[in-house]
Amino acid sequence: MAHPESFRPIGPTTFLSPIPAVMLSCRGTQEGFTRDNLITVAWAGVVNSAPPMISVSIRPQRHSHAQITQSGAFCLNLIDRALCRAADFCGVKSGRDVDKFAAMGLHARQIGGFPAPALEEAPAFLCCRVRQRLPLGSHDLFLCEVEQVYVRSSLFDPDGSLHLARANLVAYAHGEYFPLQGRPEGFFGYSLAREEVLRRRLIDPYREKAENRPARGRKRARR
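To keep things clear, this report deals only with the structure shown in the data block. (Residues numbered from 1 in each chain as written. Predicted model: local features only at pLDDT ≥ 70, side-chain atom pairs only at ≥ 80, totals over all residues. Heavy atoms only, no water.)

1. With respect to the overall build of the protein
Logical step 1: When helices and strands are tallied, the protein shows four helices and twelve strands.
Logical step 2: When burial is assessed residue by residue, the protein has 35% of its 223 residues classed as buried.
Logical step 3: Counting only contacts in the protein whose residues sit at least 6 apart along the sequence, the fraction spanning at least 24 positions is 58%.
Logical step 4: By element, 52% of the accessible surface of the protein is carried by carbon and sulfur atoms, the whole surface being about 15100 Å².
Logical step 5: Put simply, the protein has 30 plus and 21 minus side-chain charges, and the middle of one group is 6 Å from the middle of the other. (Helix = DSSP H or I, 4+ residues; strand = E, 2+ residues; numbered from the N terminus. Buried < 20%, exposed > 50% of the residue type's maximum accessible area, 1.4 Å probe, protein only. Contact = heavy atoms within 4.5 Å. Areas by Shrake-Rupley, 256 points an atom, 1.4 Å probe, with all protein chains shown as cover. Lys, Arg positive; Asp, Glu negative; His and termini not counted. Charge placed at Lys NZ, Arg CZ, Asp CG, Glu CD.)

Right under this line is the structure:
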């Protein structure tokens, strides 16, 4: 029997990984806070399904904290690989000092009847209304209800099937960004799925994709 590998304690810390990296877009209602703003947050998660609710944690000192408190709303924008550099920039720069949309060449999308902008370049975004704010210590936790979700049309098949793998989303793990690429290891309920379902969902689509991919290094025919 092999000797089990040892583990090293690193102390109580927020080590949960990976976690979603999202760009939160917001707009305040008071003078000095009305400019559309983006802040990248990694402390976001699902907390309820009926009604659909999410949470985000933000330091009270942040410019976006005041904007969200004033308007009671924001959009959570999913991040793909193309947005990764902008996401990092928006996580280290303050909206007090810089127009992040302009600095990164991004565009605010206005949603009719909703008091916060979305990110036009995002593959999908969630419109969220704040229902409760809980001071926890270093951060305040905003509990929010998801009012509507918008997903880029190119991620749907003609029959309405959603293929989020096409979005090339990015996750955050211990200070680094990682792309979610390649074929999935499974899907919800796959441990009990029939063989034909596994083949349809996990094997055949990716086999077909590989067979249709051009061979690397293939030389052009001489003319």
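2. A few points about the pairing of strand β11 (residues 170–173)
Logical step 1: Both strand β1 (residues 19–20) and β11 contribute to a ladder of two bridges, which runs antiparallel. Within β11, the position partnered with Pro20 by the bridge is Ala171.
Logical step 2: Relative to strand β12 (residues 176–179), β11 runs antiparallel, the two sharing four bridges. For Ala173, the partnering residue across the bridge sits in β12 and is Glu176. (Pairing = 2+ DSSP bridges.)

3. Observations regarding the sheet that holds strand β2 (residues 22–26)
Logical step 1: Strand order in the open sheet formed by seven strands is β3-β2-β6-β9-β10-β5-β4, with antiparallel pairing between adjacent strands. Pairing within the sheet leaves two strands with one partner each, and these edge strands are β3 (37–41) and β4 (44–49). If you compare each strand with its neighbour and ignore which way they point, the axes differ by 35° on average.
Logical step 2: Helix α2 (residues 84–92) contacts β2 and β3 of the sheet and is inclined by roughly 100° relative to β3. (Axes fitted to C-alpha atoms, helices over the stretch in contact; angles between N-to-C directions.)

4. Some points on the sheet that holds β12
Picture the strands of a sheet paired through backbone hydrogen bonds; they go either parallel or antiparallel.
Logical step 1: The sheet built from three strands is open, its strands ordered β1-β11-β12 with antiparallel pairing. Of all the strands in the sheet, the pair left with one neighbour each is β1 and β12.

5. What about the nonpolar core?
Logical step 1: In terms of nonpolar packing, the biggest core is built from 17 residues, with Leu24, Ile54, Val56, Phe74 and Leu76 touching the most fellow members.
Logical step 2: In contact with Leu76, not counting residues within four places along its chain, are Val22, Met23, Leu24, Val41, Ile54, Val56, Ala124, Phe125 and Leu126.
Logical step 3: Core analysis: the next-biggest nonpolar cluster, separate from the first, contains 14 residues, Leu83, Ala87, Leu106 and Leu119 among them. (Core = buried A, V, L, I, M, F, W, Y, C linked by side-chain atoms within 4.5 Å.)

6. Observations regarding helix α1 (residues 63–71)
Logical step 1: In terms of burial, α1 is largely enclosed, as seven of its nine residues are buried.
Logical step 2: Among the residues of α1, His63, Ser64, His65, Gln67, Ile68, Gln70 and Ser71 are the ones counted as buried.
Logical step 3: Residues of α1 that are buried sit in contact with β2, β3, β5 (52–58), β6 (73–78), β9 (124–135) and β10 (140–151).
Logical step 4: Where α1 terminates, the next one or two residues include Gly72, which has phi positive at roughly 70°.

7. Structural notes on the pattern of salt bridges
Logical step 1: Enumeration according to the criterion identifies seven salt bridges in this entry.
Logical step 2: As a salt-bridge pair, Asp36 and Arg27 come within 2.7 Å of each other at their nearest N and O atoms. Arg27 carries the same exposure label as Asp36, and that label is buried.
Logical step 3: Residue Arg166 pairs with Asp157 through a salt bridge whose shortest N-O separation is 2.6 Å.
Logical step 4: For Arg166, a relative accessible area of 42% corresponds to the partly exposed category. (Salt bridge = Lys/Arg side-chain N within 4 Å of Asp/Glu carboxyl O.)

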